[in-house]
Amino acid sequence: MYREHPLKILKYSAKNIWLLIFPLIRGIWAMNLSVNQLYSWAKGAWLDIIVVLAIMLFGFGKWFFSRVDFDETSLIHTQGIIFKVKTVIPYQNLASVTREYSFYLRPFGAVRIYADTCSGILKAPDMKMLLSNKVCNHLFKKIPHAKYDENSIYKHKPVFLMIFFFSALFSSSFSGMVYIAAFFIQGGQIAKDIFSASAAPIEHITEEAYKSLVVNIPYAAVLIALLIAVTWLLSFFTNMLRYAGFELRRDKHIIEIESGSITPRKFRINLRKVNYIDLRQNLIMKLFRVMSVNIKCSGYGTNSRKNMPVLMPVQTKKQVESNLGKVVKTDISFSEGFKPELKSFWQYIWLSVIISVGIVPITYILGEIFDKFRNLTLFVAIMAEIPSIWYVIINLAALTTSRIIIEDDNIQVKYAKGFVFHTVIGSREHFIKLGIHQTPFQKTSGICTVSFYFHGETTEVHSVKAIRTSDVLAMNNILFGSNKKVEPTDFS
Amino acid sequence: MKIYHADRTALNILKFAIVAVSALLDVLSYEFIPFHKLMLFICILCTVLGCVIAFIYIPMWFTQLQYHVSPEYITKKSGVFFKVEQTVKFSSIQYLNIITSPFSKITGLNFIILNVYGGKMLLLFLRHSDSREILKYIGDDYC
């Protein structure tokens, strides 16, 4: 029997303890150190002190009664003072185990452990613990583990340049904004003060940039552009720190991944529990024939605050062809398969075309209503038009590259979702459902939308539009071995 | 196939808890609501609701609650107005949460949560001996 790391007492103590601790420190700081003053302070603040002690005692009690056991077959975590909650996970059901060495926990020799199985409807880990390094090492001796060095079947350590490209390609201003929002929510007033202090130089830079511009771009537009650039850079640096030192090792049944510099994380993934492989590309990557190899496995990249579910950050098509089988025992197929009907290109581009065309009248109307901001609306319209046209191009590329390949034990679905191209490769063992949908417009052309569903904690749909109905029937026969006629879901 | 029922001691504890809560609400309304008619209405409402839940609905729900256990799967039958039947194969269970209360051997406040692919099943108000037996059915890993 083991206990969690004593630091967990703070976690178990109520969050609001800080509200009482800071006035306490301030009170001690403000007074002169004398016995009389201390007595008079304690006389006034006795209730606060008792509350703080009670909260700490409660946290200590929760920690004391929280126990971790590893027997021959299972990982057991018992929690609770009055009602005991015992969580039992057999090692064979573990999909992934993550060790997180946060920079502020390392000096205390503490490590966070996340254990995940294929069950659950939320993305939260099934078991979360804060252990000492010693207990963590005991645990990892018990669970199946990857062998090192010469015993590894495959090793992959991308060079720094690859991590740089990967971070650049998968960074977005949106992620940067999310970090800032999280900083504000969690940091409260202190975060706001820090941001106000750091916003002043940004404003100064904006003013300077605005003065030096030859073209007449509105001040607000320059500020927006700078804000986007700053948040993108923030996202980029976060990704760089997160994927620095990325290394993958594969044993017979386990994949072990290490990454991160400030907060190193080590993932152990059970190969049998990998639901499918997802090769991701954006349009630029597609043009240069490079891709990022991702996997879908509970606990790896499923929590939004942790890593992306990346297996090999940036790989050329040739590298993927030769290495994919070594990492995940699955090969990529290049056969023709079932392709979308090219005549039905409108199925792919209608939304993006409407958006890109619709921007023009909206800009004109807004310009008429808010005459003062005409220049700004024009700038925003141009900025919005660029991704809209980009989206049209992506959808046209998706029309020509999307396909479904069913070969032996593997199902391969190539499609585009948003701005990203996906090639999903899953085994029949993990395939659970085939969805066939047909709108009235599709019915007249004799085409359908085909959706594939694989095992996973959350439902993720992999859809290919404009597939011929006859092809869908053939697909159904291959997958389910029946000659039964399939009627698509009619939404008319 | 073995059939397990919810523990009747747990039913009595629940009845007592519900009656106590409704009595507490009555006292609070009597003390803090200044309008006599409103206070009377809330008191009657709390008492009637407490009695209906404690002496009609909960006993009916307990009677309907059954667990049919075979070596391969478990079926839970429940529901008063709408009958619900849920079956889980033991082989699909990924992990368990076993919840016990103080004096669980006599109170019947033993719960097991079966976490399976895509969802979970709650086994509620089990006798201590029944929960041990069900765990043995599920597998040696969980005993």
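Conventions used here
- Residues numbered from 1 in each chain as written.
- Chains lettered and ligands numbered in written order.
- Predicted model: local features only at pLDDT ≥ 70, side-chain atom pairs only at ≥ 80, totals over all residues.
- Helix = DSSP H or I, 4+ residues; strand = E, 2+ residues; numbered from the N terminus.
- Buried ≥ 20, exposed ≤ 12 C-beta atoms within 10 Å, placed from the backbone.
- Contact = placed C-beta atoms within 7 Å.
- Pairing = 2+ DSSP bridges.
- Nonpolar A, V, L, I, M, F, W, Y, C, P; charged D, E, K, R; others polar.
- Domains from an automatic or database assignment.
- Axes fitted to C-alpha atoms, helices over the stretch in contact; angles between N-to-C directions.
- Parallel < 35°, antiparallel > 145°, perpendicular 65-115°, else oblique.

This paragraph deals with the overall build of chain B. Counting secondary structure elements, chain B contains four helices and seven strands. For chain B, the α and β elements follow one another from N to C terminus as β-α-α-β-β-β-β-α-β-β-α. Principal-axis analysis of the C-alpha atoms places the extent of chain B at approximately 60 × 35 × 25 Å. Residue burial in chain B is summarised as follows: out of 143 residues, 27% are buried. Counting contacts in chain B only where the partners sit at least 6 residues apart, residues at least 24 apart contribute 45% of the total.

All right, on to unusual backbone geometry then. Even without a glycine there, the phi angle at Ala466(A) is positive, about 60°. Secondary-structure assignment places Ala466(A) in strand E20 (residues 461-468). Its identity as a non-glycine residue notwithstanding, Phe125(B) has a phi of 50°, on the positive side. If you trace the backbone, Phe125(B) turns up in strand E7 (residues 119-126).

Spatial strand order, E1(A)-E2(A)-E3(A)-E4(A)-E5(B)-E6(B)-E7(B): seven strands in an open sheet with antiparallel pairing. The sheet is open, and its two borders are formed by strand E1 (2-3) of chain A together with E7 of chain B, each paired with just one other strand.

Here the focus is the interface of chain B and chain A. Across the contact, 16 residues belong to chain B and 19 residues belong to chain A. Broken down by secondary-structure element, the contributors of at least two residues to the side of chain B that touches chain A are strand E5 (93-100) and strand E6 (110-116) of chain B. A total of seven residues in the side of chain B that touches chain A trace back to one element, the largest contributor, which is E5(B). Looking at side-chain class alone, the side of chain B that touches chain A contains eight nonpolar, seven polar and one charged residues. Taken together, the five bridges between strand E4 (residues 84-90) of chain A and E5(B) define a ladder with antiparallel strand orientation. Within the sheet, the bridge partner assigned to Thr87(A) lies in E5(B) and is Asn97(B).

This part takes up the domain arrangement of chain B. Interface extent is often summarised as the accessible area lost during association of the parts. Residue and element names in this part refer to chain B. Structurally, chain B comprises domain 1 (2-63) and domain 2 (67-138). On the side of domain 2, 14 residues touch domain 1, which itself brings 11 residues to the contact. Of all the elements in the fold, those that place two or more residues in the side of domain 1 that touches domain 2 are strand E1 (2-5), helix H1 (8-32) and helix H2 (36-64). Broken down by class, the residue content of the side of domain 1 that touches domain 2 amounts to eight nonpolar, one polar and two charged.

On to the sheet that holds strand E7 (residues 127-132) of chain A, then. Residues and elements named next belong to chain A. Spatial strand order, E7-E6-E5-E11-E10-E9-E8: seven strands in an open sheet with antiparallel pairing. Each of the sheet's edge strands pairs with one partner strand only, and the pair in question is E7 and strand E8 (154-156). Each adjacent strand pair in this sheet contributes to an overall mean axis angle of 15°, direction not counted. Pairing analysis gives five bridges linking strand E5 (residues 94-100) to strand E11 (residues 265-270), with the strands arranged antiparallel. Of the residues in E11, the one forming a bridge with Thr-98 is Phe-267. Here helix H5 (residues 133-142) sits on the sheet in contact with E5, strand E6 (110-117) and E7, set at roughly 125° to E7.

Attention now goes to the pairing of strand E14 (residues 310-316) of chain A. Residues and elements named next belong to chain A. Counting buried residues in E14 gives six out of seven residues, a clear majority hidden from the surface. Where strand E13 (residues 290-296) meets E14, four bridges bridge the pair, whose relative direction is antiparallel. Its bridge partner being in E14, Met-291 is matched across the sheet by Gln-315.

A separate point is the packing of H1(B) against H2(B). The N-to-C vectors of H1(B) and H2(B) enclose an angle of 175°; their axes lie 9 Å apart at closest approach. Judged on the interaxial angle alone, H2(B) and H1(B) are roughly antiparallel.

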